[in-house]
Amino acid sequence: MQNKGNELITLAQRIRALNETALVYSKNEYEIDRSKELISISDRITSIVSGVGEEEIRACYNPVREYVTPKVDIRAVIFNDRDEILLVKEKADGRWSLPGGWSDVGFTPSEIVVKEAKEETGFDVRVLRLLAVLDKRCYDHPASPFYIYKFCFHCEITGGNDALTFDILDSGFFALDNLPPLSRDRILPEQITMLDALRRDPSSAVYCD
């Protein structure tokens, strides 16, 4: 019974997270009201299962007054049999990056990278191993308002086919000596070189800044 309760709370947290994100992008009043109502329903479900009052649950999501932690960026490192790397063209800046994005509530890091790869490229992938955990501050990225850790997973394609989502303009495989203009906020050429070296040596330890 406890496991079912935990599962229900995780689903409620996921509903809340999706609708909090929707509020960031929603433009019309109907979408905004619907998202707010779903957030209230999520809090009600959590309250029923946990026995904690709804006001107390809502207080957990008020502007942060606790220890601030880094945001987590999850990226897929995928090569084909010609040692070309799979990149996606971001609609945000028209430049190229590894498939991936922010981690989502209710998913493990491995589940996130599989989900993001599918959503952004159309390919089904399997996680082989974690290659690196990078602290964005340690590299020559443009200035960012967030403190970010990047988790880079080596993955292999198991199926699916090319397909794009609303925030991706294009995707393709590229030779490492002929990379397109990279989205430097997301990935740097030297990081791709490092990840390639790590994936070529299965005995190498996970690189961690």
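As shown above, the structure is provided for reference.
Everything numeric here is computed off the predicted structure, so don't read it as measured data.

1. Section: the packing of aromatic side chains
- Applying the stated criterion across every chain, the model contains three aromatic pairs.
- Ring plane angle 70° and centroid distance 4.9 Å describe the contact between W96 and F174, whose orientation is recorded as edge-to-face. Of the two residues, W96 sits in strand β3 (residues 96–97) while F174 sits in strand β7 (residues 168–174), which places them 78 residues apart along the sequence. For the residue pair W96 and F174, the accessibility class agrees, reading buried in each case.
- Seen in terms of ring centroids, Y147 and Y149 are 6.1 Å apart; in terms of plane orientation they differ by 80°. Their pairing is edge-to-face.
- Judged by relative accessible area, which is 37%, Y147 ranks as partly exposed.
- Across the ring face of F107, the terminal group of K115 is positioned such that the distance to the ring centre comes to 5.3 Å.
- Directly above the ring of F79 sits R199, whose terminal nitrogen or CZ lies 3.7 Å from the centroid.

2. Focus on the pattern of salt bridges
- This model, assessed by the stated rule, comprises 20 salt bridges.
- One salt bridge connects R82 with E84, and the closest N-O pair in it is separated by 3.2 Å.
- The salt bridge involving D104 is made with K115; its shortest N-O contact spans 2.8 Å. Of the two residues, D104 is situated in the loop between β4 (100–102) and α4 (109–121) and K115 in helix α4; the sequence distance between them amounts to 11 residues.
- Classification of K115 as buried rests on a relative accessible area of 17%.
- Each of the salt bridges in this network shares a partner with another, and the network as a whole consists of D73, R75, E90, D93, K150 and R186.

Calculation criteria
- Residues numbered from 1 in each chain as written.
- Predicted model: local features only at pLDDT ≥ 70, side-chain atom pairs only at ≥ 80, totals over all residues.
- Heavy atoms only, no water.
- Phe/Tyr/Trp six-rings, centres within 6.5 Å; stacked < 30°, edge-to-face > 60°.
- Helix = DSSP H or I, 4+ residues; strand = E, 2+ residues; numbered from the N terminus.
- Buried < 20%, exposed > 50% of the residue type's maximum accessible area, 1.4 Å probe, protein only.
- Lys NZ or Arg CZ within 6 Å of the ring centre and 35° of its normal.
- Salt bridge = Lys/Arg side-chain N within 4 Å of Asp/Glu carboxyl O.

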